[in-house]
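Residue-level structural notes
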Amino acid sequence: MKRGTKIGWFLIALSVILSVWVIVSQSSDASQATESGLVLSDDGTVLEDYTGNGGAVTIPDGVTTINAGVFASVVMPSSVTSMGTGVFSGCTSLASVSLSSSLNGIPEETFRECLSLGSVTIPDSATSIGSNAFYGCASLSSVSIPASVSSISTDAFSGCGNLSNISVASGNGAYASSDGCLYNASKTRLLLVPEGKTSLAIAAGTTTIGTGALQYCTGISTVSLPNS
């Protein structure tokens with residue numbers, strides 16, 4: 001075989017080997033796993049999966065996004081700004097959660113059927129609470145809505161049979177609260193009565209009771225209506 005031909009074949013082989021090496025390297029670098037079982041994107045900003053054996057997990061600083069349905073229990077750093085749908089859905093052992101102080105909202109079905117969830121703090125950065133966000137959270141008894149929230153789905157707290165108090169921070173331009181119930185900002189419209197209440201005193205000045213406001217409130221035995 002001529003020398004030029006040998007060199008040509010050698011260069012071709014070298015090119016193939018380098019191409020395979022680059023593909024393998026890119027594939028292996030596409031994600032990284034931590035000792036606790038968290039699978040992060042190569043740049044460390046996206047939490048892609050959880051392969052651990054449960055227990056409490058701390059999300060590392062630098063994560064900005066959590067993919068949908070990742071895992072059960074978490075302490076969320078302030079770097080997280082968004083979550084996918086149903087991130088904690090079905091986490092029956094999740095009793096409390098500390099959300100990121102930078103979170104822009106609570107998407108639909110985030111805590112769906114988290115049966116043990118008794119405590120959650122909605123951060124001042126959140127602007128919305130999505131459909132069925134807390135559906136079936138049977139242990140949840142109280143929720144505080146910060147002034148930043150401007151959108152709450154009417155079914156956000158459906159199936160929360162022990163929820164008896166919803167409080168809205170002063171300064172909220174969209175909502176207000178009275179006697180543990182959710183109203184529009186001027187308190188002229190009653191929007192939602194928690195399913196766990198046993199009595200109801202509708203705020204003075206209220207002129208309208210919204211559609212389905214008392215739906216599933218099977219424990220209420222007395223209702224006080226204002227002249228308005």
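Computed from a prediction, not measured in an experiment: that's the story for all the values here.

**Let's talk about the nonpolar core**
When a protein is soluble and globular, its nonpolar side chains tend to lie buried together. Phe88, Phe111, Ile129, Phe134, Ile145 and Phe157 are the most contacted members of the largest nonpolar core, which has 45 residues in total. Breaking this core down by element, the ones donating at least two residues are β2 (38–41), β3 (46–50), β9 (142–145) and β11 (165–168). Setting aside anything within four residues of it in sequence, one finds Phe111 in contact with Phe88, Leu94, Val97, Leu99, Ile106, Leu117, Val120, Ala133, Phe134, Tyr135 and Cys137. Formed by ten residues, the second largest nonpolar core is a distinct cluster that contains Leu190, Ala203, Ala213 and Cys217.

**Some thoughts on the packing of aromatic side chains**
Taken as a whole and assessed by the stated rule, the structure comprises three aromatic pairs. Plain terms: the ring middles of Phe88 and Phe111 are 5.3 Å apart, the flat faces sit at 5° to each other, and that makes the pair stacked. Separated by 23 residues along the polypeptide, Phe88 in the loop between β5 (82–83) and β6 (96–98) and Phe111 in the loop between β6 and β7 (119–121) bring together distant segments of the chain. As far as the burial class goes, Phe88 and Phe111 line up, both buried. Considering the side-chain rings of Phe134 and Phe157, the 5.2 Å spacing of their centres and the 15° angle between planes classify their relative orientation as stacked. Taken as a pair, Phe134 in the loop between β8 (128–129) and β9 and Phe157 in the loop between β10 (151–152) and β11 lie far apart in primary sequence, 23 residues in all. You'll find Phe134 and Phe157 in the same group, each marked buried. Three or more aromatic residues joined by ring pairs form one cluster here, namely Phe88, Phe111, Phe134 and Phe157. Positioned over the ring face of Tyr135 is Arg112, at 4.2 Å from the centre of the ring.

The rules behind each value
- Residues numbered from 1 in each chain as written.
- Predicted model: local features only at pLDDT ≥ 70, side-chain atom pairs only at ≥ 80, totals over all residues.
- Heavy atoms only, no water.
- Core = buried A, V, L, I, M, F, W, Y, C linked by side-chain atoms within 4.5 Å.
- Buried < 20%, exposed > 50% of the residue type's maximum accessible area, 1.4 Å probe, protein only.
- Helix = DSSP H or I, 4+ residues; strand = E, 2+ residues; numbered from the N terminus.
- Contact = heavy atoms within 4.5 Å.
- Phe/Tyr/Trp six-rings, centres within 6.5 Å; stacked < 30°, edge-to-face > 60°.
- Lys NZ or Arg CZ within 6 Å of the ring centre and 35° of its normal.

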